[in-house]
Amino acid sequence: MSAWQVCSICIGAFGIQFGFALPQANATRIFQNLGATLDNVPLYWLAGPITGLIIQPLVGYYSDRTWTGSGRRRPYFLLGAALAAGTLFALPNATTLWVSVLMLWLLDSSLNLTMGPFRAFVADQLPAEQRASGYLAYMSFASVGAVIGSLLPWTFAHFNVSSYAPAGAVSDAVTYAFYVGATLLLGAVCWSALRTREYPPEILEQFDGAAEELKAPGFPARTRRHAWIWFGLGIVGLLVVWVADARGALYVLAGAALMYGVFLRLASSLKKENAFTTILTEMESMSISMRWLALVQFFSWFGLFAIFVYTAPAVAKLHFGANGPGTAAFEAGANWAGVLFATYNLLAALIALIIPYFVRRFGMALTHRMNLWLGSTGLLSMFWIRESEWLLVSMIGLGFAWASIIALPYAMLANNLPSRKMGVNFGIFNIFIVIPQLLAVGVMASLLDICADGDPSFALIIAAAGWFLAGLVVLRVRDTAAASVGGTL
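Keep in mind that this is a model prediction, so the values were computed, not measured. (Residues numbered from 1 in each chain as written. Predicted model: local features only at pLDDT ≥ 70, side-chain atom pairs only at ≥ 80, totals over all residues. Heavy atoms only, no water.)

Helix and strand counts for the chain come out as 19 helices and 0 strands. Viewed in the frame of its principal axes, the chain has a C-alpha envelope of about 60 × 55 × 40 Å. Taking all 489 residues of the chain together, the buried fraction comes to 59%. Contacts in the chain between residues far apart in sequence, at least 24 positions, make up 81% of those at least 6 positions apart. (Helix = DSSP H or I, 4+ residues; strand = E, 2+ residues; numbered from the N terminus. Buried < 20%, exposed > 50% of the residue type's maximum accessible area, 1.4 Å probe, protein only. Contact = heavy atoms within 4.5 Å.)

Taking 1.5 Å per residue, 33 residues should reach 48 Å; helix α13 (residues 288-320) reaches 47 Å between its end C-alpha atoms and fits that length. Its maximal kink placed at Y310, α13 deviates by approximately 55°, while the proline P313 follows within four residues. Most of α13 is tucked away, with 25 of its 33 residues classed as buried. One or two residues past the end of α13 sits G321, with phi positive at roughly 70°. (Expected span 1.5 Å × (residues − 1). Bend = angle between axes of the 7 residues up to and from the residue.)

A pair of packed helices is captured by two measures, namely the crossing angle of their axes and the spacing between those axes. Interaxial distance between helix α17 (residues 391-414) and helix α18 (residues 422-452) falls to 11 Å at its minimum, and their mutual angle equals 140°. Our classification of the angle between α17 and α18 gives oblique. For the pair α17 and α18, the sense of crossing is right-handed. Across the interface between the two elements, P409, Y410, L413 and A414 from α17 touch M422, N425, F426, F429 and I433 from α18. Per-class residue counts for the contact of α17 with α18 are 8 nonpolar, 1 polar and no charged. (Axes fitted to C-alpha atoms, helices over the stretch in contact; angles between N-to-C directions. Parallel < 35°, antiparallel > 145°, perpendicular 65-115°, else oblique. Left-handed = near helix turned anticlockwise from the far one by under 90°. Nonpolar A, V, L, I, M, F, W, Y, C, P; charged D, E, K, R; others polar.)

Below, the discussion takes up the layout of surface pockets. Volume-wise, the largest pocket comes out at about 1100 Å³. Forming the walls of the largest pocket are 31 residues, and the residues nearest its centre are L53, A256, Y260, M283 and I431. For the lining of the largest pocket, the elements supplying multiple residues, two or more each, are α4 (47-64), α10 (221-244), α11 (248-268), α12 (275-284), α13 and α18. The biggest single contributor to the lining of the largest pocket is α11, with 8 residues. (1 Å grid on protein atoms, 1.4 Å probe; cavity = no way out; pocket = protein on both sides within 12 Å on 5 of 7 lines; lining within 4 Å. Points joined across faces, edges and corners; volume = space filled by probe spheres on them.)

A separate point is the confidence of the model for the chain. Model confidence for the chain is summarised by a mean pLDDT of 82, while 91% of its residues fall at 70 or above. Highest mean pLDDT in the chain belongs to helix α5 (residues 74-90) (92); lowest belongs to helix α9 (residues 201-207) (71). Considering only residues more than four positions removed or in separate chains, one finds that residues 213-217, a stretch of pLDDT under 50, has 17 contacts. Confidence drops under a pLDDT of 50 for residues 481-489, and excluding neighbours within four residues, the segment shows 31 contacts in the predicted structure. (pLDDT = per-residue confidence, 0-100.)

Attention shifts here to a nonpolar patch on the surface. Residues W228, F231, I235, L239, W242, V243, Y251, M259, V262 and F263 make up a contiguous nonpolar surface patch of about 1000 Å² in total accessible area. Take the nonpolar patch: its biggest share by element is 6 residues, from α10. Summarising the element assignment, M259 is placed in helix α11. (Patch = residues over 30% accessible without salt bridge, like charges linked within 9 Å, V, L, I, M, F, W, Y side chains within 5 Å. Areas by Shrake-Rupley, 256 points an atom, 1.4 Å probe, with all protein chains shown as cover. Salt bridge = Lys/Arg side-chain N within 4 Å of Asp/Glu carboxyl O.)

One simple way to see leftover space: roll a probe sized like a water molecule over the atoms. In total, this model carries 5 cavities of 30 Å³ or more according to the counting rule given. Counted as a void, the largest cavity has a volume near 360 Å³. Lining the largest cavity are 24 residues, with F20, Q24, D108, W301 and Q437 sitting closest to its centre. Partitioning the lining of the largest cavity into residue classes produces 15 nonpolar, 7 polar and 2 charged.

With that settled, consider the environment of S419. Structurally, S419 is set in the loop between α17 and α18. Along the primary structure S419 and D64 are separated by 355 residues, whereas in three dimensions their C-alpha atoms are 8.4 Å apart.

All right, on to the packing of aromatic side chains then. Tallied over the entire structure, the rule returns 27 aromatic pairs. For the pair F118 and F121, a centre-to-centre distance of 5.7 Å together with 40° between the ring planes defines the contact as tilted. You can see F118 and its partner F121 sitting in helix α6 (residues 97-125), 3 residues apart, about one turn around the helix. We note that F118, like F121, is buried. Consider the rings of F308 and W402, whose centres lie 6.2 Å apart with planes at 85°: the pair is edge-to-face. One end of the pair, F308, is in helix α13; the other, W402, is in helix α17, with 94 residues separating them in the sequence. For the pair shown, F308 and W402 are each scored as buried. Linked through ring pairs, F77, F118, F121, Y135, Y138, Y410, F426 and F429 together constitute an aromatic cluster. The aromatic ring of W191 is capped on one face by R195, whose charged end is 4.9 Å from the ring centroid. (Phe/Tyr/Trp six-rings, centres within 6.5 Å; stacked < 30°, edge-to-face > 60°. Lys NZ or Arg CZ within 6 Å of the ring centre and 35° of its normal.)

Within the largest apolar cluster, 137 residues are counted, with the highest numbers of intra-cluster contacts made by F31, Y135, Y138, L379, W402, F426 and W467. By residue number, the principal contributor to this core is α17, which donates 16 residues. If we skip the residues at most four places from it in the chain, L379 touches I307, L398, L460, A463, A464 and W467. (Core = buried A, V, L, I, M, F, W, Y, C linked by side-chain atoms within 4.5 Å.)

Right, let's talk about the environment of R265 for a bit. Note on placement: R265 falls in helix α11. Distance from R265 to S162, taken between C-alpha atoms, is 56 Å for residues 103 residues apart in sequence. Once residues within four sequence positions are removed from consideration, R265 is found in contact with R224 and A227.

Within the element layout of this structure, T278 appears in helix α12. Ignoring any residue separated from it by four or fewer positions in sequence, one finds T278 in contact with Y61, R65 and E273.

Among the 10 residues that make up α12, 8 are buried, leaving the element largely enclosed by the rest of the structure. Every buried residue belonging to α12 is among A275, T277, T278, I279, L280, E282, M283 and E284, and all of these are buried.

Turning our eyes to something else, we now look at the environment of A169. One can find A169 in the loop between α7 (131-158) and α8 (172-194). By relative accessible area, which is 26% here, A169 ends up partly exposed. The spatial distance from the C-alpha of A169 to the C-alpha of F429 is 37 Å, given a sequence separation of 260 residues. Ignoring any residue separated from it by four or fewer positions in sequence, one finds A169 in contact with N33 and L34.

Printed below as a string of structure tokens:
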């Protein structure tokens, strides 16, 4: 495909990431301005993980089996984009904490409805030899969207739009940023939908190359054994969490393990194939490469969740001397955190242009390791740097890591999947983004209390450790890089 065709496919990522960037950079301060304590903020961020856990596998399953006059994936991501745009208009107008949390849940549900089918849409349109380059183009557009989204409140403030947010209110600068984000999200996704075509399923099957086919798990005997194991783990986990009086997110994780065991046992007794049995079958029969990639995602996103939640309060405390929300120093620190988010996203968009060179030279797996470790180094430097301007240098490492996390795992996964299972397995892959976020919600505040007396900046060290571990694991993945970086772009 030509560079213009690839860009037309991927431009929707600009709008989708815009929708994610605004709450990532501003939701924590919105919640705190409406009365939330920092200890409770991670609980409100459960919106993305839980909605992604449920929605993306289901939408992936049904989009694999859909063919309409509008295409295969397009009906799903167009509907999600319309819902997300409406919620972006509503979120900054919330006047109570519970309404703002509800709006975040609706926003994340809509974005998950959009993002899952859209990622599969990109893989559907590109041949195997262009997927790494295609996902890096996707990442570039996503990064530009994140840059603009992260910078908008800061930009409005510099054009004399009020950034003052008294207790119980959201500033005009943040509100206007959400309005612009809603418009750009819908416009970008509509561009990709209307300027591209989709191949029907029978044509896509002819394009499949040496995908690593998933093997049946031996229903029902093996599945029944696994059901009892997961059921037992869930029961033990709930007891441990109850005795330890742990946070609610750990109840969610233990409960999820318990329910997974119940679901496996139920699926093993069903004869008819449906969404429920298919999703569980695919989870039980993941290829070796997908299992290792799942572990890479786990460590990567544990770190990312810490960055999303704690960067603003960490920067405000370490570099602006803020002791809590509701002060000019805190708002200045939060605005600068938005600039840092914009910086690493902008750098990632540029870095994506040179990553294909390293992939050709070293392969996708080794390149991903190097990028993750550069990101880990950048995070550690943020902990020691005290001059806020020098944090821009730290963002170089984060730019390499972010570009790689958004692009290379999906390219490696797509090249190990047959097209007829692309959507459902991309949805399942998202579960391994969800689980570390749930774990982080449950343990991060306690880790900060135990290890750093509640200092939010320590979360950056934890994130660095997660990226280092992800880099160790990634070389276990079946690397198809040699056949994945040719073509245009």
